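Overview (structure and organization)
These are the residues of each chain, in order.
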Amino acid sequence: EKNISIAVDGPAGAGKSTISKLLAKQLEFIYIDTGAMYRAITYKALKLGIDTQDETMYEFIDDTSITLTKDNRVLVDEHEVTEEIRSTEISNNVSIVSSIKTVREKLVSLQRNIAEKNHVVMDGRDIGTNVLPNADVKFYLNASVDVRAKRRYLENSKKGIESNFEQIKQDIIKRDYLDSTRELNPLRKADDAIEVDTSALSIDEVVNKLIVIIKRKV
Ligand code: C5P
């Protein structure tokens, strides 16, 4: 029997991971955070000190293992990096690393494998357009850049990290620009994705809205 897949794409800070995690819980599906995988590779690239722009420096990819545990922890080569991959340094380097062909090939194949074996809610940038073009339901979550920056800012304060709102906003704008203009599988709404603007909605409102749509479609 075919497994069900829900694709959730959108720009940085649109609420994809928060919403996808809750959807997966309600549906009893597995949640796959593909951004965490690109962040984990970025973590290793920076640890190795490679020139991240240089495509030929990525041979390490072949013997790198990336694991997402059921409780949403992230491991690189069996070493836990769940917290580390959320740093500003990783966020500011991940778009370069994720534009590298060998990196995308490895992670996309890993993502497809997981979706073949499980019912999944998968979030990212190219899930509906590239990773799972036949996903049962595709969402494109969006919100104004001010709302998205404000969410990141509040997330940081909650964790006790002091940050600068304007800086966060500029970093988000830059990352969206790089992600949507890169050559390989850029951030784009799939033609058959349902776009939801979350700017004025609470988390519960978004989850309920998406659940209604999913129940109607699968
Ligand atoms: O979702 P998150 O903001 O953690 O993603 C981090 C980065 O990983 C994105 O800015 C993008 O460069 C990359 N990414 C990607 N394709 C995906 C998911 C994330 O290129 N499917």
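Cut-offs used in this document
Residues numbered from 1 in each chain as written. Predicted model: local features only at pLDDT ≥ 70, side-chain atom pairs only at ≥ 80, totals over all residues. Heavy atoms only, no water. Near = heavy atom within 4 Å. Polar contact = N/O pair within 3.5 Å; in protein donor to acceptor, adjacent residues only side chain to side chain. Areas by Shrake-Rupley, 256 points an atom, 1.4 Å probe, with all protein chains shown as cover. Helix = DSSP H or I, 4+ residues; strand = E, 2+ residues; numbered from the N terminus. Nonpolar A, V, L, I, M, F, W, Y, C, P; charged D, E, K, R; others polar. Pairing = 2+ DSSP bridges. Contact = heavy atoms within 4.5 Å. Axes fitted to C-alpha atoms, helices over the stretch in contact; angles between N-to-C directions. UniProt positions renumbered as here; feature names shortened; annotations may be inferred. Buried < 20%, exposed > 50% of the residue type's maximum accessible area, 1.4 Å probe, protein only.

Some thoughts on the site of the ligand
Around the ligand, 16 residues are found, and the nearest of them are R39, R104, D126, R175 and D179. One of the side-chain N or O atoms of R39 is found 2.6 Å from an oxygen atom in the ligand. Between an oxygen atom of the ligand and a side-chain N or O atom of R182, the distance comes to 2.8 Å. Its free accessible area being 460 Å², the ligand has 97% of it covered by the protein chains. With four residues, the single largest contributor to the shell around the ligand is helix 2 (residues 34-48). Residues of the shell around the ligand, tallied by class, amount to three nonpolar, five polar and eight charged.

Some points on the sheet that holds strand 4 (residues 74-76)
Read across the open sheet, the three strands follow the order 3-4-5; overall the sheet is antiparallel. The sheet terminates laterally at strand 3 (66-68) and strand 5 (79-80), the two strands that pair on one side only. Inspection of the sheet shows strand 3 paired to strand 4 by three bridges, in the antiparallel sense. Counted as the bridge partner of I66 is V76 from strand 4. Contacts from helix 2 reach strand 3, strand 4 and strand 5, with the element oriented near 140 degrees to strand 3.

Some details on the UniProt feature "binding site: ATP" (unreviewed entry) in the chain
When the UniProt feature table is mapped onto this chain, "binding site: ATP" (unreviewed entry) is found at G10, P11, A12, G13, A14, G15, K16, S17 and T18. Within the secondary structure layout, A14 lies in the loop between strand 1 (5-9) and helix 1 (16-27). Of the residues examined, A14 reaches a relative accessible area of 1% and is grouped as buried. Non-local contacts of A14, meaning those with residues more than four positions away in its chain, are made with L141, N142, R148, R151 and T198. Mapping T18 onto the fold places it in helix 1. Given a relative accessible area of 33%, T18 falls into the partly exposed group.

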